[in-house]
Amino acid sequence: MMWTKRWRLSVANAANNPDPGRLVLGIESSCDESAAAVVEDGRRVLSSVVASQIKDHAPFGGVVPELASRRHLENLSPVVTSALSQAQLTLDDISGVAVTQGPGLIGALLIGLNLAKALAWSRGLPMVGVSHLEGHLAALGLCQEPPPYPFMALLVSGGHTSIFLVRGPGGQQELGSTVDDAAGEAFDKVAKLYGLGYPGGVIIDRMAAQGDPSVIKLPRPRMHDGTLDFSFSGLKSAVVRFREQNQGQSYRMEDLCAGFQEAVVEVLVKKTLTAAKEQGVRHLALAGGVAANHRLRQAMAQAAGEAGFGVTLPPLELCTDNAAMIAAAGCHHLRAGKRLSLEADAISRLPRGGALPGEPAA
Ligand code: KG4
Ligand code: ZN
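Calculation criteria
Going along each chain's sequence as written, the residues are numbered from 1 onward. By the order in which they are written, chains take letters starting at A while ligands take numbers starting at 1. pLDDT decides what is reported in this predicted model: residues at 70 or higher carry local features, side-chain atom pairs at 80 or more are listed and counted, and totals for whole chains, interfaces and linings draw on all residues regardless. As a rule here, side-chain values cover all heavy atoms of the structure and leave hydrogens and water aside. Helix numbers and strand numbers start at the N terminus; a helix is a DSSP run of H or I with at least 4 residues, a strand a run of E with at least 2. Here the globule rule is a power law, 2.2 Å times the number of residues to the power 0.38, and the radius of gyration is based on C-alpha atoms. To sort residues, take the accessible area from a 1.4 Å probe on protein chains only and compare it with the maximum for the residue type: under 20% means buried, over 50% means exposed, and anything in between is partly exposed. The contact criterion used throughout is that any non-hydrogen atoms of two residues lie within 4.5 Å. Here the accessible surface of atoms and residues is derived via Shrake-Rupley with a 1.4 Å probe, and residues count as covered only by protein chains that are part of the display. Only four residue types enter the charge count: Lys and Arg as positive, Asp and Glu as negative, with His and the chain ends excluded. By convention, the point assigned to a charge is CZ for Arg, NZ for Lys, CD for Glu and CG for Asp. Here a donor is any nitrogen, oxygen or sulfur atom (N, O, S) within 2.8 Å of the metal, with 3.2 Å used for Na, K and Ca; water is not among the atoms considered, so some sites may look incomplete. Geometry assignment treats four donors as tetrahedral when all angles are between 85 and 135 degrees, treats four as square planar and six as octahedral when opposite donors are over 155 degrees apart and all others between 65 and 115, and treats everything else as irregular. Orient the strands so they point away from the viewer, and a crossover whose first-strand-to-second-strand path over the helix runs clockwise is right-handed. By convention in these notes, a salt bridge is any Lys or Arg side-chain nitrogen within 4 Å of a carboxyl oxygen on Asp or Glu. Definition of a polar contact: a pair of N or O atoms within 3.5 Å, with one able to donate and the other able to accept a hydrogen when the atoms are protein atoms, and with sequence-neighbouring residues admitted only if both atoms are side-chain atoms.

## Remarks on the overall build of the protein
- Tallying secondary structure elements over the protein gives 12 helices and 10 strands in all.
- A compact globule built from 362 residues should have a C-alpha radius of gyration of about 21 Å, and the protein, at 21 Å, falls within 12% of that.
- Projected onto its principal axes, the C-alpha coordinates of the protein cover approximately 70 × 45 × 35 Å.
- Looking at the protein residue by residue over its 362 residues, the buried ones come to 54%.
- Within the protein, contacts between residues at least 6 apart in sequence are counted, and of these 74% link residues at least 24 apart.
- Surface summary for the protein: the accessible area is close to 15600 Å², and the carbon and sulfur share equals 53%.
- Charged side chains of the protein number 33 positive and 34 negative; the gap between the two group centres comes to 2 Å.

What follows is the structure, given as C-alpha cells:
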C-alpha cells in the first residue's frame, strides 16, 4: 500500500517537476549546526538558516554527540520552516530535497536524513544524499565570483583536512589528506589544553593576531615529505611538551597561538601550492570552517599572488557548516538523475576521497 502510494506521488510529481534542481531544499545536521536552506538553480541562495549549538557544547570543550542529536531533533524542523518562510516559499514550491548523508556523527546525521525522507516522501519529491565534503566544495560555487574550473581546493574543517582537484561540479579528486587529526581539530585541542574556550579555532585566530609567530617555534609536520598528506597530532603533542617544559616560565599566550597557527598555515599553504603546480592548475580555493582563519586566508592569497595564480576566499558564512552548500551540491546530483532511496542509511565515515557510494538513478 505504502509503496504504491509513494510511486503514484513520484510519478505525479515527475510530470509537474521537469527540473528537480530548480528549487532545492538543503538539510544539514552532520555535527553541531542544524541548518536548512533553499537554493535556486544551484547558484542563488534564497535562504540559509543555521541554528548553532555552540553554547550547548561549550561547557564540555567539544561536541557531545548525544547532545547534538537531541538539539537537532528540537531545532531542525523549525529551521526548515524558517528557511522556507525566509525564501517566501512553501514545500509546494520545492523541486527537490538534498540532505547530508555523511560523514559525521551518526545520531546527528540520522535526524536530518529522516526529516528529509519524511518531507520528500510526503510530497513525492526527488531526494539526494550529499557528501558533507562535497558540500563544502560546492559552497565555492555560491561565492559572488565562483572559482573557474579546474581549481585546487584546500578543505579544512573540524573533521577533515584534504586537498581536492576540482574539475567541475561533482568532479573532485582527493590528492592528499590528514593521516591523523584534522586542522580544525588541532586548533580545538590546543585551545582546550589551555582552557581558552570552544570552539578553539576562532579564539586562537583572535589571540594570534596579537602575538608574534617567531617567538615560539613549533615543528612543521610532513612539510618536506614529498607527499600531499598532512599530520597534525605531532604538532599538538609539541604544544603539550612545550607547556610541560615551560611550566612556571612566563610566555605570552598570544605568541604561542601565533606560533602554533603559523606552523599549521605554513604546511597547509605549501602543500596546496605544490599540488596546483604538480597538476598544472592555476587557481586556488579555500573551503571548510578553518578557511575562516585570517592568517590562512592572508597566506594563501599571498602564495597565490606570488605564483601568479588566482585565489577564491569564500565569505565566512560559506566556510562554516551550512545547508546552502548541501542544496548546491544536491542540485547537480538531482539534475544528473541520482536519487536516494528511503532505505538508505546515514554513513558516519566515508572512504578516502569522501565520496558517497553511488545510488542508482530512480
Ligand atoms: O566546517 P566546520 O564548521 O565543521 C566541520 O565540518 O568540522 O568547521 C569547524 C572547525 C572547528 O574546528 C573550528 O575551530 C574551526 O573550524 N574554525 C576555525 C576558525 N573558525 C572556525 N579555525 C581556525 N580559525 C578560525 N577563524
Ligand atoms: Zn563541515
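Okay, back to it.
## Here we look at helix α7 (residues 200–208)
- Those residues of α7 that sit buried are Gly-200, Ile-203, Ile-204, Asp-205, Met-207 and Ala-208.
- For α7, the secondary structure elements touched by its buried residues are α6 (183–193), α9 (253–279) and α10 (294–307).

## Observations concerning the coordination of the zinc ion (ligand 2)
- Within the protein, His-132 (NE2), His-136 (NE2) and Asp-321 (OD) serve as the donor atoms for the zinc ion (ligand 2), at 2.0 to 2.1 Å.
- One can describe the donor arrangement at the zinc ion (ligand 2) as irregular, given that its four donor atoms subtend angles of 95 to 139 degrees at the metal.
- Between the donor residues of the zinc ion (ligand 2), the gaps in sequence give the motif H-x3-H-x184-D. Of the two residues, His-132 is situated in helix α5 (residues 132–138) and Asp-321 in the loop between α11 (316–319) and α12 (324–335); the sequence distance between them amounts to 189 residues.
- In this structure His-132 comes out as buried when scored by relative accessible area, which is 5%.
- Residue classification places Asp-321 among the buried positions, given a relative accessible area of 16%.

## Here's the deal with the pairing of strand β5 (residues 127–131)
- Along β5, five of the five residues are buried, which leaves the element largely enclosed by surrounding structure.
- Side-chain alternation along β5 places Met-127, Gly-129 and Ser-131 on one buried face and Val-128 and Val-130 on a second face that is also buried.
- Since strand β4 (residues 96–102) and β5 lie parallel, the crossover through helix α4 (residues 106–123) that links them has a hand, and here it is right-handed.

## Examining the pattern of salt bridges
- In this structure the tally under the stated criterion is 15 salt bridges.
- Taking the shortest distance from any N to any O, the salt bridge between Asp-181 and Lys-189 comes out at 3.3 Å.
- Among the salt bridges present, the one from Glu-262 reaches Arg-295, with a minimum N-O distance of 2.9 Å. Linking Glu-262 in helix α9 with Arg-295 in helix α10, this pair joins segments that are 33 residues apart in sequence.
- Judged by relative accessible area, which is 13%, Glu-262 ranks as buried.

## Things to note about the side chain of Ser-177
- Summarising the element assignment, Ser-177 is placed in strand β8 (residues 171–177).
- Of the residues examined, Ser-177 reaches a relative accessible area of 8% and is grouped as buried.
- For Ser-177, the contacting residues outside a window of four places in its chain are Thr-161, Ser-162, Leu-228, Asp-229, Phe-230 and Arg-352.

## Some details on the side chain of Ser-30
- Mapped onto the secondary structure, Ser-30 falls in the loop between β1 (23–28) and β2 (33–40).
- Engagement of the side chain of Ser-30 in a polar contact is seen with the side chain of Glu-28, the distance being 2.6 Å.
- When neighbours within four sequence positions are excluded, Ser-30 is seen to be in contact with Thr-100, Pro-103, Gly-104, Leu-105, Ala-108, Leu-109, His-132 and Asp-321.

In short, geometric facts, not functional conclusions.
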